[in-house]
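Here is what each chain is made of, one letter per residue.
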Amino acid sequence: MKMIKRTLGFNVENSKYILILSIEAILIGLFSGLVVSLYRLSLNTSENILFSTIEYVKGDLFLTMAWFCILAIMGFITALLVKWDPDISGSGIPHVMGEVKGYFDVNWWKATIAKFIGGTLTALGGLSLGREGPSVQLGAMVAKGVSKRLPNTKTDEKRLLVCGSGAGLAATFSAPLAGFLFILEEINKGFDRSIVLVGLISAIVADLVSKAFFGQSPIFPFTSLNLPLNHYWLFIVLGIAIGFLGFIYNKGMIKASDLWNKLSFIPIEIRFVMVFMVTGVVGLFLPNVLGGGYSMMSLIEISLPPLSVLIMLLIGKYLLLIFCFGSGAPGGIFYPVLVIGAYIGAIFSAIVIPIFGFDPLIAYKFIMISMGAMFAASIRTPITAIVLIAEMTGSTNSIVAMIIVTVIAYMIPTILGDEPIYDSLLKRLLEKENKIEFDETKSILEEYVVPIDCALIGQKVWDLPIPKSAMVVSIVRSGNTLIPDDELRVKYADELFVIMNYKTYYEDNKEIERLIYNNWKE
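All values derive from a computational prediction rather than experimental measurement.

Caption draft 1: Highlighting the overall build of the protein chain. The helix and strand tally for the protein chain stands at 19 helices and four strands. Oriented by its inertia axes, the alpha-carbon framework of the protein chain measures out at about 80 × 55 × 45 Å. By residue count, 59% of the 522 residues in the protein chain fall in the buried class. Sequence-distant contacts, at least 24 apart, represent 81% of the contacts inside the protein chain between residues at least 6 apart. Summing over all exposed atoms, the protein chain offers an accessible surface of approximately 21300 Å²; the carbon and sulfur share of this is 66%.

Caption draft 2: Spotlight on unusual backbone geometry. The residue Arg380 is not glycine, and still its phi comes out positive at about 65 degrees. Within the secondary structure layout, Arg380 lies in the loop between helix H15 (363–379) and helix H16 (382–393). The buried category is assigned to Arg380, whose relative accessible area is 10%. Unusually for a residue other than glycine, Ala493 sits at a positive phi of about 75 degrees. The exposure class of Ala493 is partly exposed, given its relative accessible area of 37%.

Caption draft 3: Layout of the side chain of Glu157. Looking at the element boundaries, Glu157 is found in helix H7 (residues 154–173). For Glu157, the side chain forms a polar contact with the side chain of Lys148, separated by 3.3 Å. Residue contacts for Glu157: discarding those within four places in its chain leaves Lys144, Ser147, Lys148 and Asn152.

Caption draft 4: Looking closely at the pairing of strand S1 (residues 443–449). Counting buried positions over the seven residues of S1 gives five, a clear majority of the element. Bridge count between S1 and strand S4 (residues 495–501): seven bridges; the pairing is antiparallel. Across the sheet, Tyr448 pairs through a bridge with Leu496, a residue of S4.

Caption draft 5: Main features of the side chain of Ser257. Note that Ser257 resides in helix H10 (residues 233–262). Owing to a relative accessible area of 9%, Ser257 belongs among the buried residues under this scheme.

Caption draft 6: Just the pattern of salt bridges, in detail. Counting across every chain of the model gives twelve salt bridges. Ionic pairing is found between Asp105 and Lys144, a salt bridge with its closest N-O pair at 2.7 Å. On the criterion of sequence distance, the pair formed by Asp105 in the loop between helix H4 (93–100) and helix H5 (108–124) and Lys144 in helix H6 (residues 132–148) is long-range, its members being 39 residues apart. For Glu132, the salt bridge goes to Arg131, with nearest N and O atoms at 3.2 Å. One continuous salt-bridge network, built from bridges that share partners, spans Glu99, Asp105 and Lys144.

Caption draft 7: Spatial organisation of the packing of aromatic side chains. With the rule as written, the count across this model stands at 15 aromatic pairs. For the ring pair Phe334 and Phe375, a centre distance of 4.8 Å and an interplane angle of 55 degrees mean the geometry is tilted. Here Phe334, found in helix H14 (residues 334–356), pairs with Phe375, found in helix H15; they are 41 residues apart in sequence, far enough to count as distant. Like Phe334, the residue Phe375 is buried in the burial classification. Measuring from ring centre to ring centre gives 5.5 Å for Phe356 and Phe358, while their planes differ by 15 degrees; the resulting arrangement is stacked. The buried category is assigned to Phe358, whose relative accessible area is 10%. In this structure an aromatic cluster arises from ring pairing among Phe173, Phe182, Tyr294, Phe334, Tyr335 and Phe375.

Caption draft 8: The arrangement of a negative patch on the surface in detail. A cluster of acidic residues, Asp463, Asp485, Asp486 and Glu487, forms a negative patch at the surface. Assignment of secondary structure puts Glu487 in the loop between strand S3 (480–482) and S4. On the basis of relative accessibility, which here comes to 56%, the residue Glu487 falls in the exposed class.

Caption draft 9: Quick look at the environment of Met471. Tracing the chain through its elements places Met471 in strand S2 (residues 470–477). The exposure class of Met471 is partly exposed, given its relative accessible area of 42%. Linking Met471 and Gly458, residues 13 residues apart in sequence, is a C-alpha distance of 18 Å. Sequence-distant contacts of Met471, defined by excluding residues within four places in its chain, comprise Ile466, Phe497, Val498 and Ile499.

Caption draft 10: Representation of the environment of Ile367. For Ile367, the location among the structural elements is in helix H15. A residue is classified by how much of its surface remains accessible, and Ile367, at 0% relative accessible area, is buried. Spatially, the C-alpha atoms of Ile367 and Ala206 are 28 Å apart, while their sequence positions differ by 161 residues. Leave out the neighbours within four places in its chain, and Ile367 touches Phe222, Ile300, Leu304, Ala342, Gly345 and Ala346.

Parameters at a glance
Residues numbered from 1 in each chain as written. Predicted model: local features only at pLDDT ≥ 70, side-chain atom pairs only at ≥ 80, totals over all residues. Heavy atoms only, no water. Helix = DSSP H or I, 4+ residues; strand = E, 2+ residues; numbered from the N terminus. Buried < 20%, exposed > 50% of the residue type's maximum accessible area, 1.4 Å probe, protein only. Contact = heavy atoms within 4.5 Å. Areas by Shrake-Rupley, 256 points an atom, 1.4 Å probe, with all protein chains shown as cover. Polar contact = N/O pair within 3.5 Å; in protein donor to acceptor, adjacent residues only side chain to side chain. Pairing = 2+ DSSP bridges. Salt bridge = Lys/Arg side-chain N within 4 Å of Asp/Glu carboxyl O. Phe/Tyr/Trp six-rings, centres within 6.5 Å; stacked < 30°, edge-to-face > 60°. Patch = residues over 30% accessible without salt bridge, like charges linked within 9 Å, V, L, I, M, F, W, Y side chains within 5 Å. Lys, Arg positive; Asp, Glu negative; His and termini not counted. Charge placed at Lys NZ, Arg CZ, Asp CG, Glu CD.

Now the structure itself:
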């Protein structure tokens, strides 16, 4: 009975349960923020060492050969880490999404250690990968570890894991609201009132921890001018361009992953050594495209390079990114997406500013907007994209223009049938899994909000065609909790609380989501 009350805690003993959740959220924010801040500090140090090393060995054959030997060793160690824990490959966000849906049960401490070390090695080696995806996974895994030390149910653990991922993003970008919105738009894929409080608290606390390490200045302190209203049509052109480029970006990422999968007969140690060595060669000739892209962003902070340089760096960054990420090396694509978006905006600026005689500072308006639009075109989280750029730049005077460009950039790849990048990566990840073991003794409480055109509206709760292993235990309607009986019917905006066995959760949840969100009235 105690475990049932704990699972249904959001409806039973509400005030006490909210207090417990708030305390747990603070713990999640503190520990996730600390680990991610240390990871961020480690990667910053690694990239500084990388660029200093490249500058030092240039022109000296012996030192260059020694550097490539070190790169080979780092590639080999990274491969061993991925073999030790395959869940650290790639960005880690698909793994978090899969665990939330019940597909995976990642070993939190192994993933935390291996991801931290593996991500540091890929940064030190210059691989064109970001820190943000790994930060999301690190935040989630730390939250899972904290939850396991508390008297929590699987529902609580899942809720804290979701919020830990948002805390990780908040800490790495110093953007708490974007971290919170990301878990609603991408990780949880829906508004769950039981996550709102925990998500906000953990994200804010994690952000405060990161600010203690890195200060309160925005990551991109851009200064920009407003575009005259009679030229707002340029934003439509920019949105269309980014929409198609986002489509190409996603297709390239998936194709690169598929090509690397065809080379699976090559031992992972050799594959990773190849990646580190190729990256080393690129670094000798085009060092700016190495790492997450911080060097490229520094290059355009004060003034824009010539158009030819912008195009060369954009193409070089994209090709090295898909090469490195497709290999499965630990590292993300979150920040590189923003960098690519920034350079698209810079190229667009370099073309339109001379034609229309705009002030050169307007370039940073296009750069900021393009970052958010590219993010939305690839990941399909438009609200997160807009808020993220506002928090990272410390500016809100571009929100209207950003909404215009972001919505257009979001719509085009969606209309073309392109899946969000992390959804595509999750599907490919699931295809590799053969069998997943779950704890049969634990249950999960899930919340579903009934949309306005749901075909289930009007049906009796007891007659809903949900899986037999799931049960609707309560409905929250206009703030009142209703216990199902023979006459209770589903209405628009009802919050259905459904309890499921953890072992069958991923199948039951998928079927219930199909019934509620896809089986709409014609």
